[in-house]
Amino acid sequence: MKSTLRTQLVIAGFGLTLAITCSLPGLAQDPVNPQDTSTSQAPATEQTTATEKPHPLTLEERADIFMARKSYDDAADYYYRALKQGNFKNSLLWNKLGIAYQNQLKYKNSRNAYKKALRLNREYAEAWNNMGTTYFMQKKPKKSVKYYRKAIELNPDNATFHLNLGISCYQMKKYSEAVEQYRAALMIDPNVLFRRSHVGTVMQTRGTDTQFYFYLAKVFASLGRPEEAVRYLRRAFEDGFTDQKKVEKDADFQKISKYPAFVELMKNPPVPLKD
């Protein structure tokens, strides 16, 4: 059984999740909406007796532990050792190595590892996505787009891929497409913006673009989620967004125009917060 372990990064200045992903065996099948595979009857477990020796960890398992501890240099070392141990044709391992390098901000090394993974498996959607994240993190959103599009072509039901593409489109000031991709991501996984991986690293900074939260609020309004729409619209006002007429005329916000919290917010918008 395959699934996805997501090592997540949050874009500086935006506060949105940009995920680098890695397929791992033994987890839930759906990378975005993990399903509960448990049954009412608990599976039997084997008990280790005092005479039994514990199973030694593989090099890959050791590397996974270092990744969970955020010891990325050690993780990269052990992933490469695992590859040298007769696994050079293992695309999953190359992808993991790329993630370890990327968490060290070694983008050239990480891209080389992702390229190795893709030479072995051109259908590896996660590796295409991860290539895109390396370019985005180097402030090259235009270059990242083609990799995100390829990932979506291979796996259109992955919310993370749509979200990453939306972030790049926003950076390129392609606001309509950004909104479209945010909406697609939220329709696939309503909690994609708030989901956090149980491993990896999270780097968060406060948003600085005054329009960003406006567009995010617009997406939630279009999906009929007024509570989140009001929350992000308030953030937009706090960050300095002042165009109330733009809100009033927007068709998506008109859908929540009678929601009490929205009415109150429009009557009494918050004063912009100073850094």
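Predicted model only: the values in this text are computed from it and were never measured.

Right, let's get into the side chain of Ser 110. Mapped onto the secondary structure, Ser 110 falls in helix H4 (residues 107-120). Under the relative-accessibility criterion, Ser 110 is labelled buried at 0%. Only 2.8 Å separates the side chain of Ser 110 from the backbone oxygen of Tyr 107, close enough to count as a polar contact.

Now for the nonpolar core. The biggest cluster of nonpolar side chains holds 72 residues, and the ones touching the most others in it are Tyr 182, Leu 233 and Phe 253. Residue contributions to this core peak at nine residues, all from helix H9 (residues 212-222). In contact with Phe 253, other than residues within four places in its own chain, are Phe 214, Ala 217, Lys 218, Ala 221, Leu 233, Val 247 and Phe 262.

Right, let's get into the packing of aromatic side chains. With the rule as written, the count across this model stands at 18 aromatic pairs. Relative to Phe 88, the ring of Tyr 80 lies with its centre 6.3 Å away and its plane at 75°, an arrangement referred to as edge-to-face. Taking the relative accessible area as the measure of exposure, Tyr 80 reaches 36% and is therefore partly exposed. For the pair Phe 214 and Tyr 215, a centre-to-centre distance of 5.1 Å together with 75° between the ring planes defines the contact as edge-to-face. Here the guanidinium or amino end of Arg 111 rests over the ring plane of Tyr 135, the centre of that ring lying 4.2 Å away. Over the aromatic face of Trp 128 sits the side chain of Lys 150, whose NZ or CZ is 5.9 Å from the ring centroid.

Conventions and cut-offs
Residues numbered from 1 in each chain as written. Predicted model: local features only at pLDDT ≥ 70, side-chain atom pairs only at ≥ 80, totals over all residues. Heavy atoms only, no water. Helix = DSSP H or I, 4+ residues; strand = E, 2+ residues; numbered from the N terminus. Buried < 20%, exposed > 50% of the residue type's maximum accessible area, 1.4 Å probe, protein only. Polar contact = N/O pair within 3.5 Å; in protein donor to acceptor, adjacent residues only side chain to side chain. Core = buried A, V, L, I, M, F, W, Y, C linked by side-chain atoms within 4.5 Å. Contact = heavy atoms within 4.5 Å. Phe/Tyr/Trp six-rings, centres within 6.5 Å; stacked < 30°, edge-to-face > 60°. Lys NZ or Arg CZ within 6 Å of the ring centre and 35° of its normal.

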